Amino acid sequence: MTVATSEHASFDSGSVFLTGLRKFFGIFGMINRRLLFSGCMLVLVVGFGVLGPIILGRDNPMKTVGGLYDPPSATLWLGSDNFGRDVFTQLMHGTRTSLIIGVIAGLEAILIGLLIGTMAGYLGGIVEEVLMAFTNVVITIPSIVILILLSIAISTRSIFAMGLIIGLTSWPWTARAVRAQTSSLRTREHVDIARLSGAGTLSLIIWEILPYMLSYVVMAFVLQLNTGILQEAALSMLGLGPSNTISLGQMLHWALLWESVRTGAWWGFVPPALFLTLIAFSLLLLQASVDEILNPRLRKR
Amino acid sequence: MSAHSSQVPLLETRDLQRAFGHGDHAVRAVERVSFSIQPGEIVAIVGESGSGKTTLARLLLRLLDSTGGRILLRGEDVTDLRRSNDLKAYWRKVQGVFQDPFAAFNQFYTNRRVLENALKLLNHGLPRQEHTQRIEAALREVGLDPADTLDKWPHQLSGGQVQRVMIARALVIGPELLIADEPTSMLDASLRVTVLNLLLALRKQHNMGIIFITHDLGQAYYVSDRILVMYQGELVEQGPVEKVFAMPKHEYTQRLLADVPRLRGA
Amino acid sequence: MIIKNVRAYYAAGSGPEVKAVDGVSLAIREGDVLGIAGESGCGKSTLAAVMSLTARPPLNVKGGEMSLNGKTFSLVEQAKFPRDWHGKMVALLPQRAMNSLNPTARVRDFVVDVVRAHDSTVRPRAAIEQARERLEQLSLPARVLESYPHQLSGGMRQRVVAVISTLLNPQVLIADEPTSALDVSSQKQLVLLLKLLLECRFITRIVYITHDLPMLSNIANFIIVMYAGKVAEIGTTQQIVNEPRHPYTHALITSTLDPDLRVREHQLEGIRGAPPDLRYPPTGCRFHPRCPRVMEICSREEPPIVGEEERYAACWWVFEQSKTAGGKEAQS
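Residues numbered from 1 in each chain as written. Chains lettered and ligands numbered in written order. Predicted model: local features only at pLDDT ≥ 70, side-chain atom pairs only at ≥ 80, totals over all residues. Heavy atoms only, no water.

Draft legend 1. Examining the interface of chain C and chain B more closely. Taken residue by residue, the interface counts 34 residues in chain C and 33 residues in chain B. Interface of chain C and chain B: buried area, both sides summed, is about 2900 Å²; carbon and sulfur atoms make up 56% of it. Three residues, Leu257, Pro259 and Arg264 of chain C, lead the burial of chain C against chain B; their summed loss comes to 24% of the area buried on that side. If you look at where chain C meets chain B, you find one salt bridge. For Asp259 of chain B, the salt bridge goes to Lys188 of chain C, with nearest N and O atoms at 3.5 Å. If you list the elements that add at least two residues to the side of chain C that touches chain B, you get α6 (184–199), α7 (213–217) and α8 (237–242) of chain C. Its residues assigned to classes, the side of chain C that touches chain B comprises 14 nonpolar, 13 polar and seven charged. (Contact = heavy atoms within 4.5 Å. Buried area = accessible area lost by both parts, 1.4 Å probe. Salt bridge = Lys/Arg side-chain N within 4 Å of Asp/Glu carboxyl O. Helix = DSSP H or I, 4+ residues; strand = E, 2+ residues; numbered from the N terminus. Nonpolar A, V, L, I, M, F, W, Y, C, P; charged D, E, K, R; others polar.)

Laid out in structure tokens, this is it:
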């Protein structure tokens, strides 16, 4: 409807995506306080978990440095835990572990979701029905049950394995959304043109359909990252966390097990709980504000 | 065009059908369509929106599977082509241009890519330099300056220019049949004429057969040799342009003809 | 209704403004249909937005005033117009009107919204009754009120929106490419409906904007041909169609395709090139880069207006022609 009729076709025919990008990079001119806030929070959290241990030279979170629940002091900034380990060091390493697991789980969920979603949406027919039926089955099974069973089945759970296990249960929502977008995108004329140039299914999906979903994929990844971090915390609190390391969820697990709440040792459970909340909040805020930038309909409501 | 009638047609359909959905709810978008087109002939398919024109175009381009009937290219049955190489061979001979030139472009890439991708279809290992030559020749033929077009994004060109790039894309492949699905309906009247002239030139230069799909009888009348009138999925009338215009037989054709606004009144 | 010297520019990021409408004046008498013709990008729709008082940033009205029924207002501050002017004095029928209906609501809900937006004391039932009466007067089926938009065809939806947006009997209906998305049969029916609205005196003036000259010649009494934000030529429909003066009008007419035996006899030419980028409009006459009659002076100086108030063309070539014609007359 643009060519013959819109008077301003020549200067507003730039795509939504390009407008989005322009806005994105013009961010310094445009005050989106929510994006700025959530971005800063995340940079701080990531810096804390990744650079903190290196800068402060605290590379072993498992080392015993104090007694049972020593209160915060000049040397133990956040006191010690039930094994006499430094809570501050644990918090840094735990944040890092949680983030790594979240990223692995998020990437895996996005990849599986994209694969199944685009295949189902593009191929249609029986393939679509089978794939979507499978997706719906995975959605209906409570993911925590699968997670518990999988975690028990694997005796040594590395950080990597934890991420994979969590990602394995969180992809269905992405797959469903991707399928819906793909089946509307595949009827576009540029897809037909590419087919007429002899492009194969895989190349069509990668070059003609995925670019149009880029902004959605970025946002879905942020959400999946969040889900991954929270799932890890849930599993770890149940004692099914990664072996031989510390995560935010495991810190909570030990704090509960060794009754830090009842004994009033707040430094055992408040810091990890606070960090989990902070990470989840910033990620959701980031997702909402990026959505607002990329999606003009939500702007200035 | 009577000289061609003894030859094997370039493209022929026999009782071509396409229904969407199943059973009682099935929508018959294309119903028993039979026609043929000769090499170098321009055939217009005219009908209102919802008459099944676009579905027919997609069937003929083998972008959509038919649910009945046959399609023959130079007498050879192409209805059931499935293998990628067979379809590619078909698309080397039959190409398309669509209604919305901007939607036909992937906005993430420049014009160069869509033209180079089209060349991949030919698959004869030309050296890179010849690729460029072929693309530039095609662009010049549609009246565009290659240096000024190739590395631009579609939204930097006007609607008429983008539609020319689309036609150049088909030219790069050099098909025997071009299926143009409402290529002018989103363009201004002044640009329409130039695109229609381009189609006429293609026929003259390359002896290309063209199926021109439109809802505008004026345009159909300007470019085509024969007119097929489509109504609710069926061909209700077909014949040489002069005949259809002078003596429209079907009631629907008469109405279409009466409804076209004329510059100096009826 | 008179509009004087409208200038409306789009703010375009950091670059210069897009001068989409640059000094346009026009007048419409009661009972008239004024057609505005021109290619995409010549400022037609911008003018429609300004006249229907719906111009919003980034489109800024820089100047111009509008007189209607003896009252004169500046068009610059669109938001300051009396609220009840929308719909009551001027109504807009855009191209996408048929898609503007809420898909989850029945047409009658839309009627209630429109009527009550202007007078909240009207009871919903009364509004629907009014719409039913109007539809019957125009011989459209009243049952459309009970339908959801998707149950109606595109042409029917466009007609229904046209009827509803004129329920309050506006003085001026501004129809901006109302038929461009419709096929020929629906186009014709919409045009017949608009004529009927005028005949029944539900509306008193129509401004009809389109790039489709044949369509325009079937509805308008007067035609304004616009190019690149300026008026190229004004005249009655007969004058524009049969005795075009401006080379642009001429080119527009020769690129129309009537389904007529003559059309096939010679190759039409169309208009070479494309409308200019209005951030950097050409100097002198804005049509000179594409004009077949271009003269040396055209690129230097703004074209003179040749003719009188209701019949003129802004063109150097026309100016030269009239001079030689005038000279010849004087000689004989």
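Draft legend 2. Up close: the environment of Ile179 of chain B. Residue and element names in this part refer to chain B. Position of Ile179 among the secondary structure elements: in strand β7 (residues 177–181). For the pair formed by Ile179 and Val94, sequence separation is 85 residues and the distance between their alpha carbons is 7.4 Å. In contact with Ile179, not counting residues within four places along its chain, are Ala57, Leu60, Leu61, Val94, Gln95, Gly96, Val97, Ile211 and Ile213.

Draft legend 3. Spatial organisation of unusual backbone geometry. Residue and element names in this part refer to chain C. A positive phi is found at Asn5, a non-glycine position, where the angle reads about 50 degrees. Position of Asn5 relative to the elements: it lies in strand β1 (residues 2–10). You can call Asn5 partly exposed: its relative accessible area is 44%. For Arg201, which is not a glycine, the phi torsion comes out positive at approximately 60 degrees. (Buried < 20%, exposed > 50% of the residue type's maximum accessible area, 1.4 Å probe, protein only.)

Draft legend 4. Just the packing of aromatic side chains, in detail. Under the definition given, this model contains twelve aromatic pairs over all chains. Ring geometry for Tyr212 of chain A versus Phe108 of chain B: centroids 4.9 Å apart, planes at 85 degrees, classification edge-to-face. Residue Tyr212 of chain A is found in helix α11 (residues 201–237), and its partner Phe108 of chain B is found in the loop between β6 (94–97) and α3 (111–120); the two belong to separate chains. Judged on exposure class, the residue Tyr212 of chain A and its partner Phe108 of chain B are both buried. One Lys or Arg, Arg113 of chain B, reaches over the ring of Tyr109 of chain B and ends 3.7 Å from the middle of that ring. Residue placement shows Arg134 of chain C over the ring face of Phe202 of chain C; its charged tip is 3.6 Å from the ring centre. (Phe/Tyr/Trp six-rings, centres within 6.5 Å; stacked < 30°, edge-to-face > 60°. Lys NZ or Arg CZ within 6 Å of the ring centre and 35° of its normal.)

Draft legend 5. Spotlight on helix α7 (residues 189–206) of chain B. Residue and element names in this part refer to chain B. Between its terminal C-alpha atoms α7 stretches 26 Å, which fits the 26 Å expected from 18 residues at 1.5 Å a residue. Counting buried positions along α7 gives 14 out of 18 residues, so the element sits mostly inside the fold. Just beyond α7, the residue with positive phi is Asn207, at close to 55 degrees. (Expected span 1.5 Å × (residues − 1).)

Draft legend 6. Here's a closer look at the pattern of salt bridges. All names here are of chain B. Applying the stated criterion to the full structure yields 36 salt bridges over all chains. Between Asp86 and Arg83 there is a salt bridge, with the nearest N and O atoms lying 3.5 Å from each other. A network of salt bridges, in which partner residues are shared, links Arg62, Asp65 and Arg82.

Draft legend 7. Region of the structure containing the nonpolar core. Judged by nonpolar contacts, the single largest core of 102 residues is most densely connected at Leu26, Leu47, Leu75 and Tyr208 of chain C. Not counting the four nearest positions on each side in its chain, Tyr208 of chain C is found in contact with Val33, Leu34, Gly35, Ile36, Ala175, Pro178, Thr179, Val191, Leu194, Met215, Leu216 and Ile219 of chain C. Residues Leu61, Val165, Val193 and Leu217 of chain B belong to the second largest nonpolar core, which totals 93 residues. (Core = buried A, V, L, I, M, F, W, Y, C linked by side-chain atoms within 4.5 Å.)

Draft legend 8. Examining the sheet that holds strand β4 (residues 59–68) of chain C more closely. All names here are of chain C. With antiparallel pairing, the four strands of this open sheet are ordered in space as β2-β1-β4-β5. Edge positions in the open sheet fall to β2 (18–27) and β5 (71–74), since each of these has one partner strand only. If you compare each strand with its neighbour and ignore which way they point, the axes differ by 10 degrees on average. With seven bridges connecting them, β1 and β4 associate as antiparallel partners. Looking at the pairing, Ile3 lines up with Met66 of β4. (Pairing = 2+ DSSP bridges. Axes fitted to C-alpha atoms, helices over the stretch in contact; angles between N-to-C directions.)

Draft legend 9. Representation of the sheet that holds strand β11 (residues 305–308) of chain C in the model. All names here are of chain C. Read from one edge to the other, the open sheet built from eight strands follows the order β6-β7-β8-β3-β9-β10-β12-β11, with strand pairing classed as mixed. Unpaired on one side and paired on the other, β6 (90–93) and β11 mark the two borders of the sheet. On average, each strand axis in the sheet is tilted by 15 degrees relative to the strand beside it, whichever way the strands run. Where strand β3 (residues 33–37) lies against strand β9 (residues 222–227), four bridges are found, and the strand directions are parallel. Within the sheet, the bridge partner assigned to Ile36 lies in β9 and is Ile224. Its contacts with the sheet place helix α9 (residues 247–254) against β9 and β10 (230–236), and it is angled at close to 105 degrees to β9.

This is a description of form; function is not addressed.
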